[in-house]
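# Structural overview
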Amino acid sequence: MTMKPRLFLLFIAFLSFFSSTLSNTIPSHGVDYWCDKTPHPEPCKHFMKINRENFEPKHSNDFRQKSLQLTMERAMIAQSHNKHLVSKSRSENEKAAWTDCLKLYEDTIIQLNKTLDPNTKSTGFDQQIWLSAALTNIETCRTGFIEMGVSDYMLPLMSKNVSQLISNTLSLHNVFSIRPETYKSGFPNWVKVGDRKLLQRAYITADLVVAQDGSGDHTTIQAALDVAAERSRSEKFMIYIKRGLYEENLEIGNNLKNIMLVGDGLKHTIISGSKSFGCSGGGYSTFNSATVAVTGEGFIARGITFRNTAGPKKCQAVALRSGSDRSIFYRCGFVGYQDTLYVHSQRQFYKNCHIYGTIDFIFGDAAVVLQNCMIFARRPMHGQSNAITAQSRANPNQTTGIIIQNSRVMAAPDLVPVLSKVKTFLGRPWKEYSRTVFMCTFLDTLVDPAGWLEWDGDFGLDTLYYGEYNNFGPGASTSGRVKWGGYRVINSSTEASMFTVENFISRDLWLPDTGVPFTAGLY
């Protein structure tokens, strides 16, 4: 149909008037308006106005995108600054702290880039996870200077701008709509379809075989990882590790995505190291003491024990540190004393695992669910108490926490003879917004009636979130539990369901058909 010229001109005039009227209904606020909605408005205003004099966000998404770009810019400037300061180190401890920070800032830039990249298929939930990890990295960097005893000189040289800007962007989830996800097909979609068979299959076809007796492709795991690093594509790469004790320290970095390590069972394939920090020395930061450290996305381990043999006298000694997004540990063992399992950041899932330790032996700031796991408290040094968890959420908008479900908390054989002399607690708040929940879990007699332990006086007691839901066993009674403002006995299944696999770590369905049988909901 052909529109007459006069009618067409009237139609154009109407559209012009309508568009003008519509545009006037969209609020056009200055930067100050939007920055005042964030927890750190001053750095927001300062950096937003540099070379952005005419920037007036018309909606929250526009402001959030600019906030992300600004955060990335400042993170890259900070990393350049950090590289310069490494050369200014006055001692080995300072150099060690800066070395950790360089890795952590590099990972922060990767997380921010994923959040910004329009080609990355991501949901709002993905982006909150990545921003949470970015903030955790900066917190870990600062913690390293404190624990290495060099904070007096070095911390003032570090800018708080990056962490404040990340916090600002995280807070925008209250304004920026996060698309709700759905759940289907029995498993969250953490890894590609087909990994279920890989996990369930008794016999596998590996890309490489590691065997100490020379019957495989390599005699060390590191040699196999070096080959994996040379591949041109990032599809699943499987390394079969035959039974044996492998005394190696491994770092599976961001360039090593979708690595799968398969052993002959947690009693037979053991990766062991002895790095430590604190007490009787050791020379490493807690972050860098891990026997195995993994940040490469999509990491899977099956049938392997990760061990740190430094012993209770060496204090912090990590067996495994994971900052791998969508990582899975199935039928694995984690053996150490203090700080055994460092669930550092990102989304993680542990199923049918055995975890041994003393103080804070499941710790970090990942969004992690441990399901059907055997958790064994060991005998600490004289006069010490055990704390099973030490969760380190530092910001209330981080989507992180430690969730222990359908598991068992018991005394290890070395603790049994002195059970009456050693107190064992479910956890203590490492950071102000620490979040930990025990659900439908057997708690044996070792659990102290108070349940939870202070970190430092009343620090975090009103801002933490510690919950217990439908636990059972002789240590499960909540009648004598702490009276902190942040502690709760969860009586509502609706509240408890917030911390299930389905809702806490799998809103984007990241475990379809992985072969790790797990409970999506409460039961």
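Described below are features of the structure shown in this document. The structure presented is a predicted model; accordingly, all values stated were derived computationally and were not measured.

## Considering empty space enclosed by the protein
- The final tally for this structure, using the stated rule, is 1 cavity of 30 Å³ or more.
- In this structure, the largest cavity occupies an estimated 80 Å³ of space.
- In terms of lining residues, the largest cavity is bounded by Thr136, Glu139, Thr140, Thr143, Tyr342, His344, Gly364, Asp365, Ser392, Trp430 and Lys431.
- It is helix α6 (residues 124–147) that contributes the most residues to the lining of the largest cavity, 4 residues altogether.
- Classifying every residue of the lining of the largest cavity by side-chain character gives 2 nonpolar, 6 polar and 3 charged.

## What about the packing of aromatic side chains?
- As enumerated under the stated definition, the model contains 19 aromatic pairs in all.
- Here Phe329 and Phe334 contribute two aromatic rings whose centre-to-centre distance is 5.9 Å and whose plane-to-plane angle is 70°, an arrangement assigned as edge-to-face. Of the two residues examined, Phe329 and Phe334, each falls in the buried class.
- Through successive ring pairs, a cluster of aromatic residues spans Phe299, Phe306, Phe329, Phe334 and Tyr350.
- Between Arg321 and the ring centre of Phe287, over which it is positioned, the NZ or CZ distance is 3.6 Å.

## Things to note about helix α8 (residues 161–171)
- Here α8 lies mainly inside the structure; 9 of its 11 residues are buried.
- Where α8 is concerned, the buried positions are Val162, Ser163, Leu165, Ile166, Ser167, Asn168, Thr169, Leu170 and Ser171.
- Of the surrounding elements, those touching the buried residues of α8 are α3 (41–49), α4 (60–86), α5 (92–116) and α6.

## Some thoughts on unusual backbone geometry
- Of note in this structure, Gln346 is not a glycine but carries a positive phi near 70°.
- Considering the arrangement of structural elements, one finds Gln346 in the loop between β13 (341–343) and β14 (347–351).
- By relative accessible area, which is 3% here, Gln346 ends up buried.
- Its identity is not glycine, yet Asp360 carries a phi of approximately 50°, on the positive side.

Thresholds applied
The written sequence of each chain sets the order in which its residues are numbered from 1. Reporting in this predicted model follows two pLDDT cut-offs: at least 70 for local features of residues, and 80 or more for side-chain atom pairs to be given and counted; totals over whole chains, interfaces and linings ignore these cut-offs and use all residues. The side-chain figures draw on all heavy atoms in the structure; neither hydrogens nor water molecules are used. Only protein atoms enter the 1 Å grid, on which a cavity is a set of points fitting a 1.4 Å probe that cannot get out and a pocket is an open set with protein on both sides within 12 Å along at least 5 of 7 lines, lining residues being those with an atom within 4 Å of a point. Grid points are joined across faces, edges and corners, and a volume is the space filled by probe spheres set on the points. The helix and strand labels rest on DSSP assignments: H or I over at least four residues marks a helix, E over at least two residues marks a strand, and numbering proceeds from the N terminus. For this classification, Asp, Glu, Lys and Arg are treated as charged, while Ala, Val, Leu, Ile, Met, Phe, Trp, Tyr, Cys and Pro are nonpolar and the rest, including Gly, are polar. The rule is short: rings of Phe, Tyr and Trp, with Trp giving its six-membered ring, pair when the centres are within 6.5 Å, and they are stacked under 30 degrees, edge-to-face over 60, tilted in between. Burial here depends on accessible area, computed with a 1.4 Å probe over protein chains only, as a share of the maximum for the residue type. Under 20% is buried, over 50% is exposed, and the range in between is partly exposed. Criterion for a charge above a ring: Lys NZ or Arg CZ within 6 Å of the ring centre, and within 35 degrees of the ring normal. Contacts are assigned to residue pairs with any non-hydrogen atoms lying within 4.5 Å of each other.

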